[in-house]
Amino acid sequence: MTPDPYFFLVIFAGVALIFPVMPLGVAWIWRRFLQPPKPGPQKNATYECGMESLGEAQVQFQSQYYLYCIIFLIFDVEAIFLVPFAVAFTGLPLGAFIAILVFLLLLLEGLVWAWSKGCLDWAGMRKGAR
Amino acid sequence: MTKQIDEGLRSELQKRGVWVTSTQELYNWGRRNSIWPLQFGLACCAIEMIATAASRYDLARFGGEVFRPSPRQADLMIVAGTVTKKMAPQIVRLYNQMPDPKYVISMGACAISGGPFKQGYNVLKGIDRYIPVDVYIPGCPPRPEALLHAFMELQRKIADQQLTGDNKAAHLNRAQPSEFPVPAFGAHDLEPPSNPDVFRPPKLERT
């Protein structure tokens, strides 16, 4: 009787299982019987580059930081648009000048709005206006 | 562990293509050829350590190129440079966090004794006051060849370590500690100024 054509897959699966499990098992046996574990409060402590770790890992960050970043990003991009505008300023037609003014005013309005909403205040620094 | 097999018989067998070894030799051979140092430099000696790991001196030939950024994966701590009193507790803590077996190379004059800053108020006079050191390298800073030499000395030391018996290696001995007390910042000095269980300086007798 010829073996099933898919029989080699069973062999593959077996080898794939034994190959990683065997060294792990040998390492476990070695650790269990030959190498006494020496745990300790410092060895098991959280690794913090040699410093003692402070507080919990799951701390909360203020969402204020995110708002700050977004506003910074918008005005960062605005600066990139302003550089070519400034370089070509003398050769610009009136329409282009008005277009960039509209662009600047839109962003300025956004800044005023964010300011009035208290986005520029660091969390808890100014009460109200939230 | 005494040698179970006669050396003559062993070399005779080797000529016939039969390789005989003991668990201890195999274990130590594996360990000494994959010593992973902690990626940890303190001062100018660290530059020489970097040069040793780079292509010209090539520490990889000895199996020590894998500098680990975490003590959890490191076997060897190369104390490369001046140990200030501010830094000493962190070094001891890092050493404590390394898994056994672990080794220490004290690289350069500063790590051995404080070196040129020995009279200073803020430099520890040798890291061996707090942690056991396996190999000392003199020099200010030692050349990469010196670090390679220290590495080979450490390999020889590991090769000679016993798995059983009274003289067995420290990491296999339950009585030997794996952690050492971290010194605290005192009013004028680290407290304690040295760990008497580790630091046994030779007594100088002046005649």
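Use the structure listed above.
Only a predicted model underlies this, so the values are computations on that prediction, with no experimental measurement involved.

Caption draft 1: Geometry of the interface of chain A and chain B. In this complex, chain A contributes 16 residues to the contact, which on the side of chain B involves 27 residues. The contact between chain A and chain B buries some 1700 Å² in all, and 50% of this surface belongs to carbon and sulfur atoms. Broken down residue by residue, the surface that chain A buries against chain B is led by A:K38, A:Q42 and A:K43, which jointly contribute 38%. Counting every contact that joins chain A to chain B gives two salt bridges. A salt bridge links A:K43 to B:D100, with the shortest nitrogen-to-oxygen separation between them at 2.7 Å. Scanning the region where chain A abuts chain B turns up 14 residue pairs in polar contact (both at pLDDT 80 or more).

Caption draft 2: Expanded view of the packing of aromatic side chains. Inspection of the entire model under this criterion finds seven aromatic pairs over all chains. Ring plane angle 85° and centroid distance 5.8 Å describe the contact between A:F8 and A:F12, whose orientation is recorded as edge-to-face. Of the two residues, A:F8 and A:F12 are both situated in helix α1 (residues 7-33); the distance of four residues between them amounts to about one turn of the helix. You can call A:F8 partly exposed: its relative accessible area is 43%. Ring centres of B:Y95 and B:F180 lie 6.0 Å apart, and the angle between their planes is 40°; on these two criteria the pair is classed as tilted. Here B:Y95, found in helix α4 (residues 88-97), pairs with B:F180, found in the loop between α6 (144-159) and β4 (184-185); they are 85 residues apart in sequence, far enough to count as distant. Each member of the pair B:Y95 and B:F180 is classed as buried. Within the aromatic cluster, the residues linked to one another by ring pairs are A:F85, A:F89 and A:F97. The ring of B:F185 has B:K86 sitting right over it, with the charged end atom 5.0 Å from the ring centre. Here B:K102 stacks its cationic end above the ring of B:Y95, 4.5 Å away from the centre of that ring.

Caption draft 3: Region of the structure containing the sheet that holds strand β2 (residues 103-107) of chain B. Residue and element names in this part refer to chain B. Ordered by their spatial adjacency, three strands build an open sheet running β1-β2-β3, and the pairing between neighbours is parallel. The sheet is open, and its two edges are formed by β1 (76-80) and β3 (135-137), each paired on a single side. The sheet shows a mean angle of 15° between the axes of neighbouring strands, taken without regard to direction. The sheet contacts of helix α3 (residues 44-53) involve β1 and β2, and relative to β1 the element is tilted by about 130°.

Caption draft 4: A look at the side chain of B:Q97. Structurally, the position occupied by B:Q97 is in helix α4. If we skip the residues at most four places from it in the chain, B:Q97 touches A:Q42, A:K43, A:A45, A:T46, A:Y47, B:P71 and B:R72.

Caption draft 5: A positive patch on the surface, seen in detail. The grouping of A:R31, A:R32, B:K168 and B:R174 at the surface amounts to a positive patch. Checked against the element boundaries, B:R174 lands in the loop between α6 and β4. Judged by its relative accessible area of 65%, B:R174 falls in the exposed class.

Caption draft 6: Structural context of the nonpolar core. Residue and element names in this part refer to chain B. Counting residues in hydrophobic clusters, the biggest one holds 23 residues, and the most contacted among them are M77, I127 and I131. Sorting elements by how many residues they give to this core places α4 first, with five residues. Setting aside its immediate chain neighbours within four residues, M77 contacts L38, F40, I91, L94, Y95, M98, Y103, V104, I105 and I131. One finds L59, A80, Y103 and I105 within the second-largest nonpolar core, a separate group that totals 22 residues.

The rules behind each value
- Residues numbered from 1 in each chain as written.
- Chains lettered and ligands numbered in written order.
- Predicted model: local features only at pLDDT ≥ 70, side-chain atom pairs only at ≥ 80, totals over all residues.
- Heavy atoms only, no water.
- Contact = heavy atoms within 4.5 Å.
- Buried area = accessible area lost by both parts, 1.4 Å probe.
- Salt bridge = Lys/Arg side-chain N within 4 Å of Asp/Glu carboxyl O.
- Polar contact = N/O pair within 3.5 Å; in protein donor to acceptor, adjacent residues only side chain to side chain.
- Phe/Tyr/Trp six-rings, centres within 6.5 Å; stacked < 30°, edge-to-face > 60°.
- Helix = DSSP H or I, 4+ residues; strand = E, 2+ residues; numbered from the N terminus.
- Buried < 20%, exposed > 50% of the residue type's maximum accessible area, 1.4 Å probe, protein only.
- Lys NZ or Arg CZ within 6 Å of the ring centre and 35° of its normal.
- Pairing = 2+ DSSP bridges.
- Axes fitted to C-alpha atoms, helices over the stretch in contact; angles between N-to-C directions.
- Patch = residues over 30% accessible without salt bridge, like charges linked within 9 Å, V, L, I, M, F, W, Y side chains within 5 Å.
- Areas by Shrake-Rupley, 256 points an atom, 1.4 Å probe, with all protein chains shown as cover.
- Lys, Arg positive; Asp, Glu negative; His and termini not counted.
- Charge placed at Lys NZ, Arg CZ, Asp CG, Glu CD.
- Core = buried A, V, L, I, M, F, W, Y, C linked by side-chain atoms within 4.5 Å.

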